[in-house]
Structures are given as C-alpha cells and as structure tokens.
Amino acid sequence: MRKEISKDILQKLFTTMLTIRTVEERVAELYSEQEMKCPVHLCTGQEAIAAGVCSHLAKDDTIFSTHRSHGHCIAKGMDLKPLVAELYGRTTGCARGKGGSMHLVAPELGIPGTTAIVGGCIPLAVGAALSSVLQGKRGQVSVAFFGDGAVDEGTFYESMNFASLKGLPVVFVCENNNYATNSPQSARQPAVPIVDRAPAYGIPGVAADGNDVLAVHRAAGEAIERARNGAGPTLLEFRTYRWKGHVGPTSDIESGCRPADEHEEWLRRCPLDRFKAYLREKDLLSQHDMNHVTVEVERLVNDAIEFGKKGPFPDAAELYDHVW
Amino acid sequence: MRKEISKDILQKLFTTMLTIRTVEERVAELYSEQEMKCPVHLCTGQEAIAAGVCSHLAKDDTIFSTHRSHGHCIAKGMDLKPLVAELYGRTTGCARGKGGSMHLVAPELGIPGTTAIVGGCIPLAVGAALSSVLQGKRGQVSVAFFGDGAVDEGTFYESMNFASLKGLPVVFVCENNNYATNSPQSARQPAVPIVDRAPAYGIPGVAADGNDVLAVHRAAGEAIERARNGAGPTLLEFRTYRWKGHVGPTSDIESGCRPADEHEEWLRRCPLDRFKAYLREKDLLSQHDMNHVTVEVERLVNDAIEFGKKGPFPDAAELYDHVW
Amino acid sequence: MPWTKIQADEAGRPGIFGASAGTARELSYRDAIKEALAQALERDKRVFLIGEGIDDPGGVFGTTVGLKEKFGRDRVMDMPIAENGLTGVVNGAAMTGMHPVMIHMRVDFLPMAMDQMVNHAAKWSYMTAGRVKVPVTFRAIVGRGWGSAAQHSQSLQSLFAHIPGIQVLMPASPYDAKGMLLSSIAGDRPTLIIEHRWLYDQTEAVPEDPYFVPSGKALVRRPGKDITIVATSYMVYEAMRAAAELEKADISAEVIDLRSIQPLDGNAIIDSVKKTGRLIAADMGWKLCGVSAEVAAIAAEHAHDKLKAPVRRITLPATPTPASNVLEKAYYPTFEDIVRTAKEMIGNV
Amino acid sequence: MPWTKIQADEAGRPGIFGASAGTARELSYRDAIKEALAQALERDKRVFLIGEGIDDPGGVFGTTVGLKEKFGRDRVMDMPIAENGLTGVVNGAAMTGMHPVMIHMRVDFLPMAMDQMVNHAAKWSYMTAGRVKVPVTFRAIVGRGWGSAAQHSQSLQSLFAHIPGIQVLMPASPYDAKGMLLSSIAGDRPTLIIEHRWLYDQTEAVPEDPYFVPSGKALVRRPGKDITIVATSYMVYEAMRAAAELEKADISAEVIDLRSIQPLDGNAIIDSVKKTGRLIAADMGWKLCGVSAEVAAIAAEHAHDKLKAPVRRITLPATPTPASNVLEKAYYPTFEDIVRTAKEMIGNV
Ligand SMILES: Cc1ncc(C[n+]2csc(CCOP(=O)(O)OP(=O)(O)O)c2C)c(N)n1
Ligand SMILES: Cc1ncc(C[n+]2csc(CCOP(=O)(O)OP(=O)(O)O)c2C)c(N)n1
Ligand SMILES: [Mg+2]
Ligand SMILES: [Mg+2]
C-alpha cells in the first residue's frame, strides 16, 4: 500500500531535479569556454536518484559521493554558488578551488566530501554511520552514492559486510547506469543483478527504476526509515543512464563508445519529462507553478554562474595551506 | 546417487590424512627444541579437507594456499623432505630456507607458492586458472585454499566476481574453522553462511562437513569436474576446527581464546578417527593395512625430519640471491 | 604469537633510555602504549580503538589487554580482516566527529589499506581546503626475527613519509610511545605510528598524567662531537649501543633519535652535522628512496661543506626478508655495523 | 578524457630528443608504446594485456587503439574495477607461465593494488628462492593539469622503488618507451613502468624492429661540465629546456635521464657529479624520501668531496595536488625553476 506523497514533497522533487538538470546543462554549455579548468562528470539523465533519495534526508544526515557528485550535493541542499565557484577554481568555491568538480564539500550540510577513487566513498559512508551510533545520535542516517563500477571493488563488499555485521544506519545507493567509463557492466560482472548481492550479506536489497523519481522516493524512503529505526543497512539499485560521456560535456556516442539507439532510447525515458507528465496528468503541479519553478531555478543557476565567474582566484601562497 | 569410491582412493585419502597428521604432530613435538625458527600454523584437525580435495588433482593442476599450508602441500604430493627442511631453514628446504613454513613451494607439482597475506592466494589461483585457459590447457584446474578469515577480504569477492565473469576453471575451497586468529566468525561476518555468498556471483556454492573426508571428496569431486569441463568456478565451504592455537604447537585453550568444551567437542569429531572407524566398519581397509600405512608414514616423516635437521644452512652470501 | 615471544627473550637486553633514579615510575614501552590508550579512551568520548583481534587475550602484544573489559566492545572493537574497507570506515568516522585508533599487528598489512590511507586520509583536508579533517591514528608494528620472512617483517615508514598529509611517527622510547600516541589521538591530523616489537620490553620513567610529545622534533639522545648518528625506532637502540662502544675507542658519537619522520626535523640533523662533520643515517627500512636517503640528502643540501667524510647509510640490504635464521642474522644491521662504519669514517679502524 | 586532451594541447611543445635527420622513422611516445605492445603480442603467446577500459575507443590515451581488434578479447582484456584482486590474478597468471601487461590509466590507482604488487609480485621470487618468477609488467600513467587534483595526478615511483624485487622504469623518450616496455615484457622481473601523459606527443626516431633497453642504466641526454641535472620522466624534458636556457648564460649543464629508478644507476650520477661538482635532482614526485633524496644521498655518499655547492632538489611542494589552475601553475616546477636554481648554485644570478 502506497503512502500519499504530499504536494510539498512533489514540488521539492521537481525543483531538485530541475535544478540538477539546469546546472549540468549550463556546465556543459559553458565548458567549451575552458574557464572551468577541471574534469566534469555530469549526471544529466540521472537526476531522479539524487532527488528521490535526498528528499528523505535531514541536514544532519550524511552523504558521501563520487566523481559524479553534482546532483547528490545539490539534492542534499548545497548552495549552487560555492558549487559552481569550485568548478571555476575560485576561493569562493566550496573548497577554495582546491578540490574542483570531483571534490565538492559542505560539512555543515552533511556533505563531508566526495572522492574520485571508485568505491572509496562506500566505506566512508559506513564510517559516518558508525560515528552516529557511537555518538548516540539515534535516527541519523548515512548514504553512500556510487555507480555500478564501484560494485566491482572489494571495498563495496567489505563495506556491506561490516555494515550488516554491526547493523549500521547506512543506505547503499547504487546508480546503475550500465557503464564504468566505457566498460559495460557485462564486461565487469557476471549476469547477476547487483541487488541480488544483498542477501549474501543478510541485508535487504531493493531495485527500482532510477528514472522514476517516485519509485526512487518510495524505495529510498523505506530503506532510510529502516536505517533510522535501527534496523540496519539496505542496498538499493536504481537502473538509469547517463546522457553525457563519462567525463565532459559531449555525449561520446560519435566515438562509438555506446550504441546510438541505446542512447536515444534512454533519452526518451527522461526522468524529468516523465515526472512533469505525471504531475500534469494528475494535476499535482500546475503549468503555472512549473513555470514559476523553472524561472526561479534559472535565476539561481545564473546567479551561481555569475558568482562563480567573478570570484577571486586563490593566491599562490594558498598552495601550502590545508595540508593537515 | 553416490559413486563408489575405489579402494585405491580410500587408501590414498587415509594415507594423506595420516601423513598430514603425523607431520603436524611431530612439528608440534619438536618445536620446543627451537630449531625450527619460524612460525608454524598447524592444520591438525583439518586434514580431511586437504586430502579430500587434492585426491582429485593431477600433478599439473595448481593449488595456492595460505600461512596454514602444510596439509595442502602434502596432499598435493610435496615430498616431506624439502618441506621439513624448509622449516629448519636449510638449503635443502623447498625454498632454500628463504621462505620458511609460510612460503612452501614446489612448482613442478603445481604448487607455485603460498602466501601469508590473508586473502592473497585467492586471486593468484584465479590467475592460474586464467593461465590455463589462455594457454589452451583444457581440463586443467586451479584450487584456492583459504580460511573463513579470508572471506572478510575484498579480494575474495573480487576473485569470485572475475572467475564467474570469465567462467574460469577454479575451485574456491574455504576451510571454515570459525576463527581468524582468535576472532570468531561472528565478530567479523553477519550470520549468513559463507557458501550462501556464491549465488550472488552466479556460481554454485556447496557446503559439506569438513571433518568427513568422504563428504569433502564428493563435494570437491563435483566442483573440480565442473571446472575441468569448462563449466566454471564453484565455492566450497567446509566446516572444521583447528586443534592447535592460531600459530605454534599449543592449543591456546588455556589462555581463554576459545571455550574448552568447544575444543573438546571438536576433538571428538576427529576426521582421522572417523575415517578409520568407517574403513574398519565397512571392512574397506584391514587393520593390518592400516598398520602398514602407519608404519610407512612414520618412517617417511622420521626420514624427513632427519633430512631436515642435517641439511646445511645457507651461506650468508645467499642473502643477495633470488631478489628477481 | 610464539615466534615473537621467543624472539623477544633472545633480544631482552637492558634499557637504554636512562632508567630513572629511583623515585620516578618506570613503564615498559608496551605498558606506556596501553596507558596512553586507556587515558585517551577515558578523556575523550570521540576515541575508539579498532583492529583485528585487538580484544583477544594476547591484546596486540599486550598493548590492549584489559581495555575491552574496561571500555566495552563499542570502544575496543574487533574487526573483519578487510583492511582497506575498514580504513575507509575509520576515515569516515574521523570525518564525522570521531578520533579512531586503528591497530595493525604488522606493518605488512598496511599496503592493503594504502588507498584509504594515501588517497583519502592524507588528502581529505587539502581537497576540502581544511573544512574536513581526518583525525585518525594508525598503529602498526614491525615484525622481526624467528622466520617472520618477507611478508611479516617490513618497516614501511618511507612509503608513508613520502605522502604529504599524513604524519609518520616512530617512537623509540616508552616516554615517546605514550606522549606521541596521546598527541596524535588528540590532534586532528591523520597519523601513522610505527612501533617495533623489540622495543616493547624497554623501560624508562614515564609520567602517569597524560602528556603530549609533538611531531616534528627530533631528539638528541646522546650528545657527541665526532660523528652524528641519526637513527629511527629500534635502530636508536643499536645506535646507543654503538655510541657506548665507540666511546671506548675515544670516538664521541652524537645520537639523534629522528622520532618524527613526517614532519621531519631537518634542522636537528643539520645542526649536528655542522658540529661533527660526519653523518651515519641508520634506518630500520630499506635504502633506496628511504628515510636514510632523506637524512643524507638533507646533509648534502645544507651541510655539504662541513662534511669531513662521505655520508654513510645503514639500512636493510636490498632484498626481501629471508626466513632462515642464519640469513636473518646477516640481514639485520646491528650496533657492530654502526661501530665499524663510524671507525672507517674517522679513519680509526 | 577531455581534460587531458585539452591540457596536452597547452603543453604541445617541440620534441627534445634530437629529432632524426630525415631517413629514420619517427614515432610519438604514444605510438612507440603501441608498437611495443603490438610486437610483444605478436612475438610471444604468453603476453596478454589487461586493464580497465583498455579496449575502448580511447584506448588508454591512444596506446592500445586497435589492439583488441587485431589480437582479440582474450589477449586485450577489459577488466572489473578491482585493482588488488586483478593484480592478484595477473600475478597468478605470471607465476604459471604468462607474461601479462596490466595497464592503469592513473598512477593514483596503484595504492589499491599495493598489496599484490608489494607483498606478492615483488617478493615471490625471493620467497621461493627463485623457483617461481612473476614476469608481470605494470604500466601506469601520471596525470597532470586541468584540475586533475589530489587523486588523479600522483607520481608514486618512490613508493615502489623503495621495495626490493620490483623494477621501476620511467622512460622519457619514445625510443626508451618502446625498448623498456619490450624488455620488461620479455624479461622475468615484475616491473612497473611509469609514463607521463605530457610525453605522449613527443617524437623521435624509433626503430621498427623490436629492441630492448635494459634496466639499470641512466643516460646522459646532454653532456656538460658545470652542473649535473639528474631528472626523471617528464622532468627530463624540463631539464633539457633548462640546459638550453643555461647555455645562453654560458653555463654548461649535463642532463642525466635516470630512466631506471630501481635498479638505479648510481655510477652515472657519481661520475657526472665528480666532473661538474654540482648536482640538481629534479624528480616528478615529492621530496621527502623520494627519488630526489636518493640521488642527493648517492652524491653525499660517493662524491661529497667533489661538491662545490650544496645539492639542490627540485620536486613537487609537500602538498597534495590542488585543482585550481592558478594553484596548479604554482605547484609544478618547470625549467625556469631549474634555471634559477642552477644560476644560484653557480653564483651567476
Ligand atoms: C580505484 C579507481 N580505479 C579506476 C578509476 C578510473 N575511473 C574513474 S570513474 C570510473 C568509472 C566509474 O564507473 P561507475 O562507478 O559506474 O560510475 P559512473 O561513472 O558510471 O557514474 C573509473 C574506472 C578510479 N577513479 N578509481
Ligand atoms: C592482510 C592480512 N591481514 C591480517 C593478517 C594477520 N593474520 C594472519 S592469519 C590471520 C587469520 C586468518 O584466518 P583464516 O583465514 O580463517 O585462516 P586460519 O588461520 O583459520 O586457517 C590473520 C588475521 C594477515 N596475515 N594478512
Ligand atoms: Mg556507471
Ligand atoms: Mg579460520
């Protein structure tokens, strides 16, 4: 039996997805200016997962993410200005330009950082969950976002094993976009659904359509609830697709990395369009409200870009700061 | 339907188990002389697994093992003399004294070496299986022996994943003696049988009583057959118990590492006594034959010890050899 | 583990760090560590210990005995044998408010955890412009002797010292063992403390109250004027014996206990070499790109014109560790090697 | 990857290794590697390549393009992102008759595989008294620039050079890239070859037939008499530019391309320093316990009395890599730093 989702939440999901989409599209657009001098791994097409999962999280819940983290950080509430400024390498960036796109951070919002080492973020999230337990912060939850590629790594397994052993409040969110750089899942893993690895560690595994934000919202809600209640970790697998190449603003289809028809097929499954259609159909958000949100999001993104572009570059002397 | 096991095989199983037992007991006995100046991880009580598995292996099949490898190497056909001499640090040892107990080797018998890094041997065995396939050596099989502790390591998972992906001829043999040093399995893994991790990688998992050599023989036979036929890897889990402490000749019970009654209970399940009783009961090996084997094994072990003790120590100059 | 127990007896030699004169309380290196851990757990709720088998009766060579009973399983935690994953877990805990202490029975297991130590712990502060610290302490112990062999005897300080962002400390004395551990646990830098099993029975006066030995300061263990011996960890002990021996030949050796490998106290080396004009770098690890190279390089950079003799390095030979006892004896340098080298350098052979 | 593509253009400077005079065939560093791989696969059935995405259209920055099509998926193999496990797999394959080549897009992923490289590949021959060799070649590429940041730009040669039993090679020229790769694949030692992305467009005359460049020999890239610059990999390029610059100031610099970090050609350093009396060690990695320390130490051990000036090291600063372009510029030393340092040493400022 499905719980009703409040209009507030629906609007929040819509706004978050739209914000992520808009940021990624603007980054892609501006990238050729070569002013964002860092690799960008865009999550266009995968917005529903970040939005659906983070809609359940409070400020003091923690997330850890990967090289492809813009969406997660936005959904967790990160201000766009320091995010964009970080891509521009400015001191107004969330890491004063030290980290770039792959290392966004906002500890006060439950984002202790992101790592570009595949699989690295998974045990970190387990550690945050352990932290909550040891500090007696009941109800606090930690989420690891990672790709299907990270499932190849032993750290995934070691993390699941330990989280299950200790019954930690952590949710493992696998965004399965079928590729790790250009390697399809079938070149890296036997043909067993990722989610079917969960029972091997005595934890629930739930798969859902990663392009259906409501399905994500539902699956994540249950898992997060379970974690909050001290019932331990869950593995979630969301099938999705990235529209862009592994890194950078182009789609990489031309170079033959992925079949063009596969790409087109997934463009048709756009999570944002789908949600818009649903909201309209069910009359849950009026066109007027959508327009309003769209205008507002665009303003915020534009402001962030302006902010990012005009921030000062770090002094060379800053090089030596922050080592410890 | 169970195949009949030939008398030859039964005798071989008995001889192998008895040889392992006798070697380990003599090592334990002689250890206090402090002439074997290396750590010894004895497998007393676990003999049935090495014997049962290796009874199916040909000379050019490969095994990889761990810090606790005496039994595996003996069962795979290693001559006792270079084995014992290695414990004594002599140039007559299988590694001229360079390796000691933890690094036995006999490449010409399909023993490329053993590693004392927990989990390390598992991918090595997978590599040997890959080697067979790439070299077109159809029917050749590789076996990884490891403990329940190694199941904690990500390399276990990574190895299973890759072996399954490529359908390699490797058999994963987990000797679950419930402890890693003094940590019980329950302090390291959630309460899911190790063997139940296999389906998560799309490979068969089979558990059997590790103290019943015929059960081991049967389970291993099927797995090895499958590998030989190109049907891919299998995970085998054999429950057993080590009689001695993690390392060295004493049982460690006094120090409270393990409950004394648990220890006693397992002593009663002695795999050798059990097999002897079976052989007698079914009239498969006469007392006379058993005595004959026993005398022969004792002679071989004594010879090996004499050989080991009288071999020359390496020259200090040998220190610099064999780096590459 | 028996082989270390036995070997410890073989090596059981008298203390070197000026046993105190009666009134002060003496502690072994082992007990100094245990006391530091207990006090850290007592003082600071953020601290917890984790490691393979640290709660077993042996208690990491005695350094954690009784702590689980006193502080509970949540704060003195056994763990799966999954070094990289669990290092990630302690890193994550450290990033979110805890001060974990992770304990490895052997330095040799650290390569398993290298990614989380090198790519995560050591870099996180920098990547986040100091917004998120990783206050984690790693303890790892060097094995030696009794056929520990290639995979159970490494001394890998140089690998970690090369990586900016992680402290590497090697206390040689009980006093430093306690004080460095306490300061590392209380601090907010990721720190690797490398101990040597053969030091565990050393005793000296150790204050009962908590105290903090800062990183980045070497210590002159024995002043001298003819030659400088810069040593690390257990080699400090061999250097002290060598200095005593050299004194008989009227050679006055200054022994510097490097203690802190990263940050490293270059000035202590330079000052001493400027005075003595001769330098021996005696490290527990290998030579190539090792701590001994760093020490020699500092002299070449900052005191080359004061050097009266070539710098000499005393390290392990460029081979893995052999098992056989006779090869082990040939493998490990001792005070005798230091004495011989010093005499050669001074021309007093 | 775009950020490296873009950066490569930025760095697209003329070749340094004496472009040949017309007749000889020229190859880029990239194509020299590809040719070596193709020839190794052709010549020797025991050889196979494995690495994450090595069969994709990009083909590891172009170095494996077309090889899967030519040699098949079994010999040019994609793999799961499981560095330690798969390193174990290639080690196991190497122990049982194969000569695998494992390719990592970034040096930064090696810490993941450290256990199998350090505790297994590097030690197996010794532990088995030479009875079982591990003839595996690892290729790993140094990232630099375009905000690669802390986890995608490390140059970790010193970590591996410290470990006996594994060769560490750093070819700076196309000729060496091909010859070292071929000799490492054909040989029976575990070998790590570290490449630098910025060298990939360098060209020089490269023989078509297979040839072998042995390990353990440095190369005088440019003779000189006033100062010795010992450099590694991409820093050789900066050193050559510096030498050209110094010539204008009448300073004759000898540039030594170290090439082989382990085994290391100490004599080449000593001979040169004895001649010039001055030494700059210019490494791509960090300073503390790094290759630059080793080079300086060798001078202090074997040529201290010939040194007319303090040894100087040019390395990365002791910080992780920052992302911001302006900080990157401050981070990486260039030929200008070498020039300035050399002038200071000679008093010709
Ligand atoms: C340990 C490690 N190995 C390899 C890489 C190179 N790499 C960067 S991203 C990536 C693919 C990751 O795929 P996935 O986890 O599915 O995430 P996605 O990019 O699809 O979001 C790889 C192999 C890395 N960063 N870290
Ligand atoms: C990577 C690594 N971590 C820790 C150790 C220390 N250690 C040696 S044996 C052992 C326990 C192994 O247990 P298990 O795999 O069950 O084998 P058993 O000793 O029971 O046969 C441990 C933790 C090690 N050798 N390697
Ligand atoms: Mg993916
Ligand atoms: Mg066990």
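In the block above lies the structure referred to throughout.
Quick summary incoming for the structure in this document. Just so you know, these numbers come straight off a predicted model, no measurement behind them.

This part covers the overall build of chain A. When helices and strands are tallied, chain A shows ten helices and seven strands. For a compact globule of 324 residues, the expected C-alpha radius of gyration is about 20 Å, and chain A comes in at 19 Å, within 12% of that figure. Evaluated residue by residue, chain A yields a buried proportion of 63% over its 324 residues. For chain A, the accessible area works out to roughly 10900 Å², and carbon and sulfur atoms hold 50% of it. Charged side chains of chain A number 35 positive and 41 negative; the gap between the two group centres comes to 3 Å.

Residue and element names in this part refer to chain A. The contact between helix α1 (residues 7-30) and helix α9 (residues 271-281) brings their axes to 10 Å, and the two run at 150°. Taken together, the axes of α1 and α9 are roughly antiparallel relative to one another. Handedness of the crossing formed by α1 with α9: left-handed. Packed against α1, whose contacting residues are L10, L13, F14, M17, L18 and R21, the element α9 presents P271, L272, F275, K276 and L279 at the interface. Looking at the contact of α1 with α9 residue by residue, the classes come out as nine nonpolar, no polar and two charged.

We now examine the coordination of the magnesium ion (ligand 3). Within the first shell, the magnesium ion (ligand 3) binds the protein through D148 of chain A (OD), N177 of chain A (OD1) and Y179 of chain A (O), at distances of 2.0 to 2.1 Å. Going along the chain, you hit the donors of the magnesium ion (ligand 3) in the pattern D-x28-N-x1-Y.

Close contacts around ligand 2 come from 21 residues, with H67, R68, A116 and G149 of chain B together with E83 of chain C the closest. At the site occupied by ligand 2, nearby residues are drawn from chains B and C. Between a nitrogen atom of ligand 2 and a side-chain N or O atom of E83 of chain C, the distance comes to 2.6 Å. When ligand 2 sits alone it has 580 Å² of accessible area, and the protein chains cover 96% of it. The residue inventory of the shell around ligand 2, partitioned by class, reads nine nonpolar, seven polar and five charged.

Let's shift gears to the interface of chain C and chain D. Every contact between the two is made by 51 residues of chain C and, on the other side, 51 residues of chain D. Each partner contributes to the roughly 4600 Å² buried at the junction of chain C and chain D, and carbon and sulfur atoms together form 66% of this total. Put simply, chain C and chain D have four salt bridges between them. Ionic pairing is found between R313 of chain C and E301 of chain D, a salt bridge with its closest N-O pair at 2.8 Å. Among the elements that line the side of chain C that touches chain D, the one with the most residues is helix α6 (residues 110-127) of chain C, at eleven residues. Grouping the amino acids of the side of chain C that touches chain D by side-chain chemistry returns 31 nonpolar, twelve polar and eight charged.

Residues and elements named next belong to chain A. Along the chain, L42 falls in the loop between α1 and α2 (47-54). Given the relative accessible area of 0%, L42 is considered buried. Residue contacts for L42: discarding those within four places in its chain leaves E24, V27, A28, R68, H70, K244, G248 and P249.

Considering all chains together, one arrives at 27 aromatic pairs over all chains under this definition. Ring geometry for Y31 of chain B against W146 of chain C: centres 6.4 Å apart, planes inclined by 90°, an arrangement best described as edge-to-face. In this pair, Y31 of chain B sits in the loop between α1 (7-30) and α2 (47-54) while W146 of chain C sits in the loop between β5 (137-142) and α7 (157-161), so the two residues belong to two different chains. Relative accessible area serves as the criterion here: at 4%, Y31 of chain B is assigned to the buried category. Taking relative accessible area as the criterion, W146 of chain C reaches 0% and is therefore assigned buried.

Let's shift gears to the packing of helix α11 (residues 291-302) of chain C against helix α11 (residues 291-302) of chain D. For any two helices packed against each other, one specifies the crossing angle of their axes together with the interaxial distance. Interhelical geometry of α11 of chain C versus α11 of chain D gives an angle of 65° and a closest axis separation of 7 Å. In the packing of α11 of chain C onto α11 of chain D, the handedness of the crossing is left-handed. Residues A293, E294, A296, A297 and A300 of chain C of α11 of chain C touch α11 of chain D, and the partners they reach there are A293, E294, A296, A297 and A300 of chain D. Along the lines of polarity and charge, the residues of the contact of α11 of chain C with α11 of chain D split into eight nonpolar, no polar and two charged.

Moving on, we get to the relation of the copies chain B and chain A. Aligned on chain A, chain B shows an RMSD of 0.0 Å; the corresponding rotation is 180° and the shift along the axis is 0.0 Å. Considering both components of the superposition, the chain copies are consistent with a two-fold axis. Considering only C-alpha atoms, the residue of chain B closest to the rotation axis is G154 of chain B, which sits at 1.8 Å. Comparing interface residues between copies, 100% of those in chain B also lie at the interface in chain A; the contact surface is shared.

Our next topic: the coordination of the magnesium ion (ligand 4). Each donor-metal-donor angle would ideally measure 109.5 degrees in four-coordinate tetrahedral geometry, or 90 or 180 degrees in six-coordinate octahedral geometry. Residues and elements named next belong to chain B. Surrounding the magnesium ion (ligand 4) are the protein donor atoms D148 (OD), N177 (OD1) and Y179 (O), which sit 2.0 to 2.1 Å from the metal. Sequence spacing among the residues donating to the magnesium ion (ligand 4) works out to D-x28-N-x1-Y. Here D148 is found in the loop between β2 (142-147) and α6 (154-166), whereas its partner N177 is found in the loop between β3 (170-176) and β4 (179-180), with 29 residues between them in sequence.

With that out of the way, let us pick up empty space enclosed by the protein. Applying the stated rule across the entire model yields seven cavities of 30 Å³ or more. Taken as a whole, the largest cavity encloses approximately 160 Å³ of empty space. Forming the walls of the largest cavity are 16 residues, and the residues nearest its centre are E158 of chain A, E158 of chain B, N84 of chain C together with N84 and M112 of chain D. Among the secondary structure elements, those contributing two or more residues to the lining of the largest cavity are α6 (154-166) of chain A, α6 of chain B, α5 (83-95) and α6 of chain C together with α5 (83-95) and α6 (110-127) of chain D.

Let's shift gears to the interface of chain B and chain A. Chain B puts 22 residues into the contact, and the matching count from chain A is 22 residues. On inspection of chain B and its partner chain A, the count reaches zero salt bridges. Between chain B and chain A we count eleven residue pairs in polar contact (both at pLDDT 80 or more) in total. The residue makeup of the side of chain B that touches chain A, split by class, is ten nonpolar, six polar and six charged.

Further remarks concern the nonpolar core. Of all hydrophobic cores here, the largest spans 474 residues; its most connected members are V53, F146 and F172 of chain A together with V53, F146 and F172 of chain B. When near neighbours in sequence (up to four residues on either side) are disregarded, F172 of chain B contacts I122, V126, A144, F146, S159, M160, A163, I203, P233, T234, L235 and L236 of chain B.

Below, the discussion takes up the environment of R259 of chain C. Residue and element names in this part refer to chain C. On the secondary structure map, R259 appears in the loop between β11 (253-257) and β12 (260-262). Distance from R259 to I166, taken between C-alpha atoms, is 15 Å for residues 93 residues apart in sequence. Once residues lying within four places of it in the same chain are set aside, the contact partners of R259 are V168, L169, M170, P171, D176, M180, V213, K217, A218 and L219. A distance of 3.0 Å separates polar atoms of two side chains, one belonging to R259 and the other to D176.

Here the focus is the sheet that holds strand β14 (residues 312-314) of chain C. All names here are of chain C. Here five strands make up an open sheet; going across it, the order is β9-β11-β10-β13-β14 and the pairing mixed. Because the sheet does not close on itself, it has two edges, and the strands there are β9 (219-222) and β14. On average, each strand axis in the sheet is tilted by 25° relative to the strand beside it, whichever way the strands run. Examined bridge by bridge, strand β10 (residues 227-231) and β11 share five bridges and lie parallel to one another. Each bridged residue has a counterpart across the sheet, and for V230 the counterpart in β11 is I256. Together, β10, β11 and β13 (279-282) form the strand contacts of helix α10 (residues 266-276), whose direction differs from that of β11 by roughly 175°.

For the rest of this paragraph, the subject is the side chain of D56 of chain C. Structurally, the position occupied by D56 of chain C is in the loop between β2 (47-51) and α3 (59-62). Put simply, D56 of chain C is tucked away with no salt bridge, and the nearest opposite charge, on R242 of chain B, sits 8.5 Å away. A polar contact is formed between the side chain of D56 of chain C and the side chain of N182 of chain B, at a distance of 2.9 Å. Reaching out from D56 of chain C, the side chain makes a polar contact with the backbone nitrogen of G58 of chain C at a distance of 2.8 Å.

Attention shifts here to the relation of the copies chain C and chain D. The transformation that overlays chain C on chain D combines an axial shift of 0.0 Å with a rotation of 180°, and the residual RMSD is 0.0 Å. With an isologous cut-off of 70% or more, the 100% of interface residues of chain C that recur at the interface of chain D puts this contact in the isologous class.

Taken together, 21 residues lie around ligand 1, and H67, R68, A116 and G149 of chain A together with E83 of chain D are the ones closest in. V118 of chain A places a polar main-chain atom, nitrogen or oxygen, 3.0 Å from a nitrogen atom of ligand 1. In the environment of ligand 1, an oxygen atom lies 2.8 Å from a nitrogen or oxygen atom belonging to the side chain of N177 of chain A. Alone, ligand 1 offers 580 Å² of accessible surface; in the complex the protein occludes 95% of this. Of the residues that constitute the shell around ligand 1, the class distribution is nine nonpolar, seven polar and five charged.

Parameters at a glance
Here the residue numbering is sequential within each chain, running from 1 through the sequence in written order. Written order determines the labels here, with chains lettered from A and ligands numbered from 1. With the structure being a predicted model, the display of local features is reserved for residues of pLDDT at least 70 and the display and counting of side-chain atom pairs for 80 or more, all residues being used for whole-chain, interface and lining totals. Remark: hydrogens and water are excluded; side-chain values derive from all non-hydrogen atoms of the structure. Working definition: helices are DSSP H or I runs of at least four residues, strands are E runs of at least two. Numbering for both runs from the N terminus. The reference for a compact globule is 2.2 Å times residues^0.38; the radius of gyration itself is calculated from the C-alpha atoms. Burial classes follow relative accessibility: with a 1.4 Å probe on protein chains only, a residue under 20% of its type's maximum area counts as buried, one over 50% as exposed, and anything between as partly exposed. Per-residue and other accessible areas were derived by the Shrake-Rupley procedure at a 1.4 Å probe size, with only the shown protein chains allowed to occlude residues. For the charge count, each Lys or Arg is scored as positive and each Asp or Glu as negative, with His and the chain ends excluded. For charged residues, the charge sits on one atom: NZ in Lys, CZ in Arg, CG in Asp, CD in Glu. Structural elements are reduced to axes, namely lines fitted to C-alpha atoms, with helices fitted over the stretch in contact, and the angle between N-to-C directions of any two is expressed from 0 to 180 degrees. Orientation is classified from the angle alone, with under 35 degrees giving roughly parallel, over 145 giving roughly antiparallel, 65 to 115 giving roughly perpendicular, and any other angle giving oblique. Crossings are assigned a handedness: left-handed for a near helix turned anticlockwise from the far helix by less than a right angle, right-handed for a clockwise turn. We call two residues contacting when some pair of their heavy atoms lies within 4.5 Å. Residues are sorted three ways: Asp, Glu, Lys and Arg are charged, Ala, Val, Leu, Ile, Met, Phe, Trp, Tyr, Cys and Pro are nonpolar, and all the rest, Gly among them, are polar. Each metal site is built from N, O and S donor atoms within 2.8 Å (3.2 Å for Na, K and Ca), and since water is not included, such sites may look incomplete. We define proximity as follows: a residue is near a molecule or strand when any one of its heavy atoms falls within 4 Å of that partner. In protein, a polar contact means a hydrogen-donor-capable atom and an acceptor-capable atom, both N or O and within 3.5 Å, with residues adjacent in sequence counting only if both atoms are side-chain atoms; elsewhere, any N or O pair within 3.5 Å suffices. Buried area adds together the accessible area that both of two parts lose upon being put together, with accessible area traced by a 1.4 Å probe. Within this document, salt bridges are pairs made up of a side-chain nitrogen of Lys or Arg and a carboxyl oxygen of Asp or Glu, the two lying within 4 Å of each other. Stacked, tilted and edge-to-face are the three classes assigned to paired rings of Phe, Tyr and Trp, where Trp is represented by its six-membered ring and a pair needs centres within 6.5 Å; plane angles under 30 degrees give stacked, over 60 edge-to-face, the rest tilted. Superposition of the copies was done by least squares, using only C-alpha atoms of residues whose pLDDT is at least 70 in both. Throughout, the protein atoms alone are placed on a 1 Å grid, and a set of points is a cavity if a 1.4 Å probe fits but cannot get out or a pocket if it is open with protein on both sides within 12 Å along at least five of seven lines; lining residues have an atom within 4 Å of a point. Grid points are joined across faces, edges and corners, and a volume is the space filled by probe spheres set on the points. Residues belong to one nonpolar core when they are buried, are Ala, Val, Leu, Ile, Met, Phe, Trp, Tyr or Cys, and are joined through side-chain atoms within 4.5 Å. Only strands joined by at least two bridges in the DSSP assignment are considered to pair.

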